[in-house]
Amino acid sequence: MFETIRYEVKEGIAWLYLHRPDKLNAFIAQMNREVKDAVKSASNDDEVRCIVITGEGRAFCSGQDLSEVDENMDHGQVLRDHYGPMIKQLRDCEKPIIAAVNGVAAGAGFSLALACDFRLISERASFVNAFVHVGLIPDSGNLYYLTKLVGHAKATELAMLGEKVPAAEAVEMGLANRLIPVDTWEEDVTAFAARLAALPTKAIGLIKRSLKATSSLSFEDYLEQEAQGQRIAGLTKDHREGVNAFMQKRQPVYSGQ
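These numbers come from a predicted model, not from an experiment.

1. As for the state of the cysteines
Here is step 1 of the chain: Summed over all chains, the structure comprises zero disulfides.
Here is step 2 of the chain: The thiol of Cys61 is not disulfide-bonded; the next cysteine sulfur, from Cys116, is found 11 Å away.
Here is step 3 of the chain: Of all cysteine sulfurs in the structure, the one in Cys50 sits closest to Cys93, which takes part in no disulfide; the separation is 9.5 Å.
Here is step 4 of the chain: With a relative accessible area of 1%, Cys93 lands in the buried category.

See below:
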């Protein structure tokens, strides 16, 4: 089904592996489409309750494959046709998405990680806002997310200087949620994903919807959306399970419904 990525679903987790290791998982147009399609498939699959995006080989994603770039290219149209739809698909997904950053995440690879809900970073990985080094601006939603995570001043520094951010520093400044040792990488990423997959999936989606609304709605409109979201959450099977488990003093077992 896919050629530039590898996709599989196991125990409620959709694993999306960027699969161009010989090119450090650099983006080509086909990979943009396949990432978008895989996330859409996971979004519509009731079996999937969490999505993990990671890279094969020694990199997460090194950004755009420069062998596809020529001097006559309309870079804006490339964003409209390929990167924008991919990033929008991630934003529209109401299931939790983890970027498991196993190696360098540079350029649009950094943007891809920023668009996810969680960033788990290997101690040997790093982030690089590499656009300025080829005379371009950060794209694929990069500054939209980056400014929210680290603030205007730090985002300016990372965008204009394009310096590498080592793993430990990325966690310290809020770019990543967890620093994971190389020796326990697979086990720790799987455990974190399994934890998310076991949560009430509908509530997670509504939380994501509310978080997005905080930057676009007035406070009054936000409170109305919050009320609508809580009404939906209150009608789910998982809400009833959570209340019953609390009353019965046991651990809840959520179904994602």
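Next comes the rest of the account.
2. Details of the side chain of Lys95
Here is step 1 of the chain: Examined against the element boundaries, Lys95 turns out to sit in the loop between helix 2 (75-92) and strand 5 (97-101).
Here is step 2 of the chain: One buried charged residue, Lys95, remains without a salt bridge, the closest side chain of opposite sign being Asp46 at 5.2 Å.
Here is step 3 of the chain: For Lys95, the side chain forms a polar contact with the main-chain oxygen of Asp45, separated by 2.5 Å.
Here is step 4 of the chain: Discounting chain neighbours no more than four positions away, the residues touching Lys95 are Ala42, Ser43, Asp45, Asp46, Val48, Asp117, Thr201 and Lys208.

3. Considering the packing of helix 4 (residues 142-150) against helix 5 (residues 152-161)
Here is step 1 of the chain: As a packed pair, helix 4 and helix 5 sit with axes 7 Å apart at the nearest point and diverge in direction by 130°. Between helix 4 and helix 5, the interaxial angle falls into the category oblique. Handedness of the crossing formed by helix 4 with helix 5: right-handed. Only His152, Lys154, Ala155, Leu158 and Ala159 of helix 5 make contact with helix 4, whose side of the interface consists of Leu143, Leu146, Thr147 and Val150.
Here is step 2 of the chain: A per-class count over the contact of helix 4 with helix 5 returns six nonpolar, two polar and one charged.

4. A word on the pairing of strand 5
Here is step 1 of the chain: Where burial is concerned, most of strand 5 is hidden: five out of the five residues are buried.
Here is step 2 of the chain: Of the two faces of strand 5, the one lined by Ile97, Ala99 and Val101 and the one lined by Ile98 and Ala100 are each fully buried.
Here is step 3 of the chain: As paired strands, strand 3 (residues 50-55) and strand 5 are joined by four bridges and run parallel to one another. Paired with Ile53 across the bridge in strand 5 is Ala99.
Here is step 4 of the chain: Of the strand pairs in this sheet, strand 5 and strand 7 (residues 118-122) are connected by four bridges, and their pairing is parallel. Directly across from Ala100, in strand 7, lies its bridge partner Leu120.

5. Looking at the sheet that holds strand 2 (residues 13-18)
Here is step 1 of the chain: Reading across the sheet, the six strands line up as 1-2-3-5-7-10 and stay open at both edges, with mixed pairing between neighbours. Each end of this open sheet is capped by a strand with a single partner; those strands are strand 1 (5-10) and strand 10 (178-180). Going across the sheet, the axis of each strand differs from the next one's by a mean of 20°, ignoring polarity.
Here is step 2 of the chain: Running over the sheet, helix 1 (residues 29-43) touches strand 1, strand 2 and strand 3 and is turned about 10° from strand 1.

6. Notes on the nonpolar core
Here is step 1 of the chain: One finds Val35, Leu90, Phe127 and Leu175 to be the most contacted residues of the largest nonpolar core, which totals 47 residues.
Here is step 2 of the chain: Aside from chain neighbours lying at most four places away, what touches Val35 is Ile5, Leu16, Leu18, Phe27, Met86 and Leu90.
Here is step 3 of the chain: In this structure, Trp15, Val189, Ala193 and Leu196 belong to the second largest nonpolar core, which totals 15 residues.

7. Describing the pattern of salt bridges
Where charged atoms from two side chains of opposite charge come close, those side chains can pair.
Here is step 1 of the chain: Under the definition given, this model contains nine salt bridges.
Here is step 2 of the chain: Measuring nitrogen to oxygen at the nearest pair gives 2.8 Å for the salt bridge that ties Arg209 to Glu94. You can see Arg209 sitting in helix 8 (residues 201-213) and its partner Glu94 sitting in the loop between helix 2 and strand 5, a full 115 residues away along the chain.
Here is step 3 of the chain: Among the residues examined, Glu94 registers a relative accessible area of 28% and is labelled partly exposed.
Here is step 4 of the chain: A salt bridge links Glu157 to Lys154, with the nearest nitrogen and oxygen atoms 3.2 Å apart. Note that Glu157 and Lys154 are positioned in helix 5 at a spacing of three residues, about one turn of the helix.
Here is step 5 of the chain: If you follow the salt bridges from partner to partner, you end up with Arg6, Glu8, Lys10 and Glu56 in one network.

Thresholds applied
Residues numbered from 1 in each chain as written. Predicted model: local features only at pLDDT ≥ 70, side-chain atom pairs only at ≥ 80, totals over all residues. Heavy atoms only, no water. Disulfide = S-S within 2.5 Å. Buried < 20%, exposed > 50% of the residue type's maximum accessible area, 1.4 Å probe, protein only. Helix = DSSP H or I, 4+ residues; strand = E, 2+ residues; numbered from the N terminus. Lys, Arg positive; Asp, Glu negative; His and termini not counted. Salt bridge = Lys/Arg side-chain N within 4 Å of Asp/Glu carboxyl O. Polar contact = N/O pair within 3.5 Å; in protein donor to acceptor, adjacent residues only side chain to side chain. Contact = heavy atoms within 4.5 Å. Axes fitted to C-alpha atoms, helices over the stretch in contact; angles between N-to-C directions. Parallel < 35°, antiparallel > 145°, perpendicular 65-115°, else oblique. Left-handed = near helix turned anticlockwise from the far one by under 90°. Nonpolar A, V, L, I, M, F, W, Y, C, P; charged D, E, K, R; others polar. Pairing = 2+ DSSP bridges. Core = buried A, V, L, I, M, F, W, Y, C linked by side-chain atoms within 4.5 Å.

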